[in-house]
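Take a look at the letters that make up each chain.
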Amino acid sequence: MPIDPYIVLLLGTVGLAALLPARSTAADAVSWASTAAIAFLFFLYGARLSTREALDGLKHWRLHVTVLACTFVVFPLLGTAARGLVPVLLTQPLYQGLLFLTLVPSTIQSSIAFTSIARGNVPAAICAGSFSSLVGIVLTPLLAAALLGSSGGGFSAHSLVTIVLQLLVPFLAGQVLRPWIGTFVTRHKKVLGLVDRGSILLVVYTAFSEGMVRGIWHQVSPLRLGGLLVVEAVLLAVMLLLTWYGAKALRFGREDRIAIQFAGSKKSLASGLPMASVLFGAHASLAVLPLMLFHQMQLMVCAVIAKRRAHDPEAQEAAPAPAAHPAVAAGSRSR
């Protein structure tokens, strides 16, 4: 049951914001730096996404449509249905964060990793995660505006324009410049990955600093957090079952079902945190809390499922036979 080290860093950043929140002039400087970091983050996303890989992935369109439907239709429907849990298990702010979680695109890295461990269709997982992230830049803010309305933090035409300027324009700029900088980005993948994560930590610090200054953390009790964890566990279990058995009902093969399950049941922390910062503003700290908890939960549960899938009888039958030793091969040829 892995504990993501990055989650530990995120929690440390939350603790730092609680002890030393940015105020007045420092808050303005941190907010400006966070805005620049988000724009740079999505610029890198655009520079990394291979247009050729995306176009090649369209050949497997049934799988990608299934993943997109799980991510942007089934998840939001479940999130909307959870409104009935207010105020029994969830407060209104926590529910808004839970609903926002259901609108976020799927992951890329963890979907690929778990699909690979489970011996699934890795190229399909790569394309499915990439398509989801690309569609989410446009669709997540639109769904948030429709489902959360003004209660989510002031959604308006201005908010959507901000999303376009801060997220979509840098992403498109990265795509346009990819022919010239794509090799550099690939060559320095590890270093730029650290920049990615550092940018998200800055976004988290900014959001939680604003929350501390405004005193919104007094609205959350340990009992409410426990209720949130229960609701998220049920949400994850439902999506894991729906993606696996739904894909089976749609007559997908085993490898494709694995890709659909891992890509269709996850939510991206890397995409969701910056979007929440833009959409929710001063209320972003409570909005991203459900996403942070769900992210760690999905990693722990999917790690166990991926290892079990790797030992399925179907996986053993599909595994390639071990190559013959060179001496044996030479002997057989000599006969």
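Residues numbered from 1 in each chain as written. Predicted model: local features only at pLDDT ≥ 70, side-chain atom pairs only at ≥ 80, totals over all residues. Heavy atoms only, no water.

Enquirer: Help me get a handle on the overall build of the protein, residues and values and all.
Expert: Counting its regular elements, the protein contains 15 helices and zero strands. Relative to its full complement of 335 residues, the protein shows a buried share of 48%. The contacts in the protein between residues at least 6 apart in sequence include a share of 86% that link residues at least 24 apart. Counting every atom, the protein has about 16100 Å² of accessible surface; 69% of that belongs to carbon and sulfur. (Helix = DSSP H or I, 4+ residues; strand = E, 2+ residues; numbered from the N terminus. Buried < 20%, exposed > 50% of the residue type's maximum accessible area, 1.4 Å probe, protein only. Contact = heavy atoms within 4.5 Å. Areas by Shrake-Rupley, 256 points an atom, 1.4 Å probe, with all protein chains shown as cover.)

Enquirer: Now, about the packing of aromatic side chains: what can you tell me, with residues and values included?
Expert: Applying the stated criterion across every chain yields a total of three aromatic pairs. Geometrically, the ring pair formed by Phe75 and Phe294 is edge-to-face, given 6.3 Å between the ring centres and 80 degrees between the ring planes. Of this pair, Phe75 sits in helix 4 (residues 61-81) while Phe294 sits in helix 13 (residues 284-310), and the two are 219 residues apart along the sequence. Per residue, the accessibility class of Phe75 equals that of Phe294, and both read buried. With centroids separated by 5.9 Å and ring planes inclined at 40 degrees, the aromatic side chains of Phe114 and Phe262 adopt a geometry described as tilted. Of this pair, Phe114 sits in helix 6 (residues 109-117) while Phe262 sits in helix 11 (residues 254-264), placing them 148 residues apart in sequence. One exposure class covers both Phe114 and Phe262, and it is buried. The residue whose ring lies beneath Arg62 is Phe252, and the NZ or CZ to ring-centre distance is 4.4 Å. The ring centre of Phe72 lies 5.9 Å from the NZ or CZ of Lys267, which sits over that ring. (Phe/Tyr/Trp six-rings, centres within 6.5 Å; stacked < 30°, edge-to-face > 60°. Lys NZ or Arg CZ within 6 Å of the ring centre and 35° of its normal.)

Enquirer: Give me the packing of helix 2 (residues 24-48) against helix 12 (residues 269-280): which residues, what numbers.
Expert: Where helix 2 contacts helix 12, the axes come no closer than 11 Å and their chain directions differ by 140 degrees. The pairing of helix 2 with helix 12 is recorded here as oblique in orientation. Between helix 2 and helix 12 the crossing geometry is left-handed. Contacts from Ser34, Ile38, Leu41, Phe42 and Tyr45 in helix 2 reach Ala270, Ser271, Pro274, Met275, Ser277 and Val278 in helix 12. (Axes fitted to C-alpha atoms, helices over the stretch in contact; angles between N-to-C directions. Parallel < 35°, antiparallel > 145°, perpendicular 65-115°, else oblique. Left-handed = near helix turned anticlockwise from the far one by under 90°.)

Enquirer: I'd like to hear about the side chain of Ser111, residue by residue, with values.
Expert: Its location among the elements puts Ser111 in helix 6. At 3.3 Å, the side chain of Ser111 forms a polar contact with the backbone oxygen of Phe262. Here Ser111 is in contact with Ser106, Ala125, Phe262, Ala263 and Lys266, once residues within four sequence places are set aside. (Polar contact = N/O pair within 3.5 Å; in protein donor to acceptor, adjacent residues only side chain to side chain.)

Enquirer: Describe the packing of helix 6 against helix 13, naming the residues involved and giving the relevant values.
Expert: Here helix 6 crosses helix 13 at 25 degrees, and the two axes come no closer than 7 Å. Of the possible angle classes, the one that applies to helix 6 and helix 13 is roughly parallel. Note on element contacts: helix 13 touches helix 6 through Leu299, Cys302, Ala303, Ala306, Lys307 and Ala310, opposite Ser110, Phe114 and Ile117. Residue composition of the contact of helix 6 with helix 13, grouped by class: seven nonpolar, one polar and one charged. (Nonpolar A, V, L, I, M, F, W, Y, C, P; charged D, E, K, R; others polar.)

Enquirer: Tell me about unusual backbone geometry, residues and numbers included.
Expert: Peptide bonds are trans in most cases, and residues, glycine excluded, mostly fall at negative phi. Residue Pro87 follows Val86 across a cis peptide bond; omega there is 5 degrees. Along the polypeptide, Pro87 turns up in the loop between helix 4 and helix 5 (92-103). Unusually for a residue other than glycine, Ser24 sits at a positive phi of about 45 degrees. Take Ser24: it is sitting in helix 2. Its identity is not glycine, yet Arg119 carries a phi of approximately 65 degrees, on the positive side.

Enquirer: Describe a nonpolar patch on the surface, listing the residues and the values that go with them.
Expert: Judged by side-chain polarity, Val161, Val164, Leu165 and Val169 come together as a nonpolar surface patch covering roughly 330 Å² of accessible area. Along the chain, Val169 turns up in helix 8 (residues 157-187). For Val169, a relative accessible area of 41% puts it in the partly exposed group. (Patch = residues over 30% accessible without salt bridge, like charges linked within 9 Å, V, L, I, M, F, W, Y side chains within 5 Å. Salt bridge = Lys/Arg side-chain N within 4 Å of Asp/Glu carboxyl O.)

Enquirer: Please give an account of helix 6 that cites residues and values.
Expert: For helix 6, the set of buried residues is Ser110, Ser111, Phe114 and Thr115. The buried residues of helix 6 occupy one face: seen down the axis, they fall within an arc of 130 degrees. The inward-facing, buried residues of helix 6 contact helix 7 (122-147), helix 11 and helix 13. Just past helix 6, the residue Arg119 takes up positive phi, approximately 65 degrees. (Arc of directions from axis to C-beta.)

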